[in-house]
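Spelled out, the chains give:
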Amino acid sequence: MSSMGRVLSVNVGRVEPAHIDGREVMTGFRKRPLAGGGVLRSLGLEGDEQADQSVHGGLDKAVYAYPHEHYRFWATVRAQAGQGGWHDALPAGSLGENLTIEGLLEAQAWVGDLLQFPHCTLAVSAPRMPCFKFDAAMGFRQASKLMAQSGYCGFYLAVREVGRIEAGDRFELQPGPREVSIAELFAARLRR
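First, a word on scope: everything that follows refers to the structure included in this document.

What counts and how
Residues numbered from 1 in each chain as written. Predicted model: local features only at pLDDT ≥ 70, side-chain atom pairs only at ≥ 80, totals over all residues. Heavy atoms only, no water. Pairing = 2+ DSSP bridges. Helix = DSSP H or I, 4+ residues; strand = E, 2+ residues; numbered from the N terminus. Phe/Tyr/Trp six-rings, centres within 6.5 Å; stacked < 30°, edge-to-face > 60°. Buried < 20%, exposed > 50% of the residue type's maximum accessible area, 1.4 Å probe, protein only. Core = buried A, V, L, I, M, F, W, Y, C linked by side-chain atoms within 4.5 Å. Contact = heavy atoms within 4.5 Å. Lys, Arg positive; Asp, Glu negative; His and termini not counted. Salt bridge = Lys/Arg side-chain N within 4 Å of Asp/Glu carboxyl O. Polar contact = N/O pair within 3.5 Å; in protein donor to acceptor, adjacent residues only side chain to side chain.

Concerning the sheet that holds strand β12 (residues 163-165)
Spatially, β6-β5-β12 is the arrangement adopted by the three strands of the open sheet, whose pairing is antiparallel. Edge positions in the sheet fall to β6 (44-45) and β12, since each has one partner strand and no second.

This is how it looks when you write it as structure tokens:
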């Protein structure tokens, strides 16, 4: 059985310095939407950079997808933390994702599932684990803890077929071996 989803935004970012907890660190967290979409290579979207390739990037973590369904949650908790208004919408890419998607949540995505787009194919590979840069991007220290508690982590994708990907592209999920879901793997890694 396959399901359908859709890309709402394709986002890239460059590595740049940021001041976090009194020190300067390099980060590629800030992603901005690409007008017209982007070219997808084996190591990710053309024009996208990662500062710490030990945890982001590489063949298995080439693309980071985040469900738009969780955006309202993050806008609400940011407002509670005094980091935005109650009705402020977060722009696409705010969670550091390359693909803002709808129609596929962490519990529905299993390692090895294929996402077939019109001009490329991606494979679900791993959950995204939160870090101090996520706290800084959200504007409050409890963001990583809330990601852990909610399970709203998004997931990494490996590129199986290079090509082009655009906002509005629909994808079909082709089930893989179905041994571990992103939600299960995320929970297991948090227990380590």
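Focus on the packing of aromatic side chains
One pass over the full model with this rule turns up eight aromatic pairs. Ring centres 6.2 Å apart and planes at 55° place the aromatic pair F29 and F134 in the tilted group. With a gap of 105 residues between them, F29 in the loop between β3 (23-27) and β4 (32-33) and F134 in helix α2 (residues 132-138) connect regions that are remote in the sequence. Here F29 and F134 have matching classes, each one buried. Each ring, one from F117 and one from F171, has its centre 5.3 Å from the other, and the planes form 50°; the classification is tilted.

A look at the nonpolar core
In this structure, W74, L99, F117, F155 and L157 are the most contacted members of the largest nonpolar core, which totals 42 residues. Look past the residues within four positions of L99 in its chain and what remains in contact with it is V7, S9, V10, N11, V63, Y64, A65, Y66, F117, L122, L157 and I165.

Notes on the side chain of E97
In this structure, E97 sits in the loop between α1 (71-80) and β8 (99-102). Buried and unpaired, E97 has no salt bridge, with R128 as the nearest side chain of opposite charge at 6.9 Å. There is a polar contact of 3.0 Å between the side chain of E97 and the backbone nitrogen of L95. A polar contact of 2.6 Å, which involves the side chain of E97, links it to the side chain of T100.

Some words on α1
Every buried residue of α1 is accounted for by Y71, W74, A75, V77, R78 and A79. The inward-facing, buried residues of α1 contact β7 (63-67), β8, α2 and α3 (143-150). Positive phi appears at G82, one or two residues downstream of α1, with a value of about 75°.

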